[in-house]
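Close look at the chain arrangement
Chain by chain, the residues:
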Amino acid sequence: IRIVTSEMLKELGYDIELAKDGTEAYEVYKKSFENGHPFDAVILDITILGGMGGKDTLRELVKIDPTVKAIASSGYSGDLVISDYKSFGFCAFIPKPYNLIDLGRMLHDVCKKR
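Quick look at the structure, then. Fair warning: this is a prediction, and the values are worked out from it, not measured in the lab.

Turning to helix H5 (residues 100–111), a few remarks are in order. Taking 1.5 Å as the rise per residue, H5 with 12 residues should run 16 Å; its terminal C-alpha atoms sit 16 Å apart, in good agreement. All buried positions along H5 are accounted for by Leu103, Gly104, Met106, Leu107, Val110 and Cys111. Close packing links the buried residues of H5 with helix H1 (2–11), strand S1 (42–45), strand S2 (70–74) and strand S3 (92–95). Capping the start of H5 is the job of one residue whose side-chain oxygen sits 3.1 Å from the backbone nitrogen of isoleucine 101: asparagine 99.

On to the environment of phenylalanine 90, then. Structurally, the position occupied by phenylalanine 90 is in the loop between helix H4 (80–83) and S3. For phenylalanine 90, a relative accessible area of 2% corresponds to the buried category. Setting aside chain neighbours within four positions, we find phenylalanine 90 in contact with Leu44, Ile46, Gly54, Lys55, Leu58, Ala70, Ile71, Ala72, Val81 and Tyr85.

For helix H2 (residues 22–34), with 13 residues, the first-to-last C-alpha span of 18 Å sits near the 18 Å given by 1.5 Å per residue. When H2 is considered as a whole, its buried residues turn out to be Gly22, Ala25, Tyr26, Tyr29 and Ser32. One side of H2 holds all its buried residues, which, seen down the axis, span an arc of 140°. Looking at H2, the residues exposed on the side facing more than 90 degrees away from the buried face are Lys31 and Glu34. Packed against the buried residues of H2 are S1 and helix H3 (54–64). Where H2 begins, the capping side chain belongs to aspartate 21, and its oxygen is found 3.1 Å from the backbone nitrogen of threonine 23.

Procedures and definitions
- Residues numbered from 1 in each chain as written.
- Predicted model: local features only at pLDDT ≥ 70, side-chain atom pairs only at ≥ 80, totals over all residues.
- Heavy atoms only, no water.
- Helix = DSSP H or I, 4+ residues; strand = E, 2+ residues; numbered from the N terminus.
- Expected span 1.5 Å × (residues − 1).
- Buried < 20%, exposed > 50% of the residue type's maximum accessible area, 1.4 Å probe, protein only.
- Contact = heavy atoms within 4.5 Å.
- Polar contact = N/O pair within 3.5 Å; in protein donor to acceptor, adjacent residues only side chain to side chain.
- Arc of directions from axis to C-beta.

Function-wise, these values are silent; they only describe arrangement.
Written as C-alpha cells, this is what we have:
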C-alpha cells in the first residue's frame, strides 16, 4: 500500500518521504521540520502491525509542530478515528483502498489550508 500510494502521490506532483511506521515517520518529520522544511501534510495509517500507529504518531508530531496537517487512513471500519477523526487531531480521513482522484482531491483540500 505504501508503494502504491507513493506512486500515486508522485503522479499528483508531490515530493514525498516514506516511513514504515510511526517511529520512523516521527524521525523523518522531525528532521525535515528542524531543517526548515515542514511537510505540507502527512498520511498516517491508524493501524500498524508491530509498530506505532497513526494516533500515537500524531500525538508525537504535534509536539514538534502544533500545526501539522495529519490525514488518517484505514481499511478497518471499526476504529473510532474513522467517525471522529477531528477529535483525535486529524484534519481529514481517507478510507483504504483509495484511488488517485480521491487522494488528489483530499490532499488539495488539506494542503490549501496550511
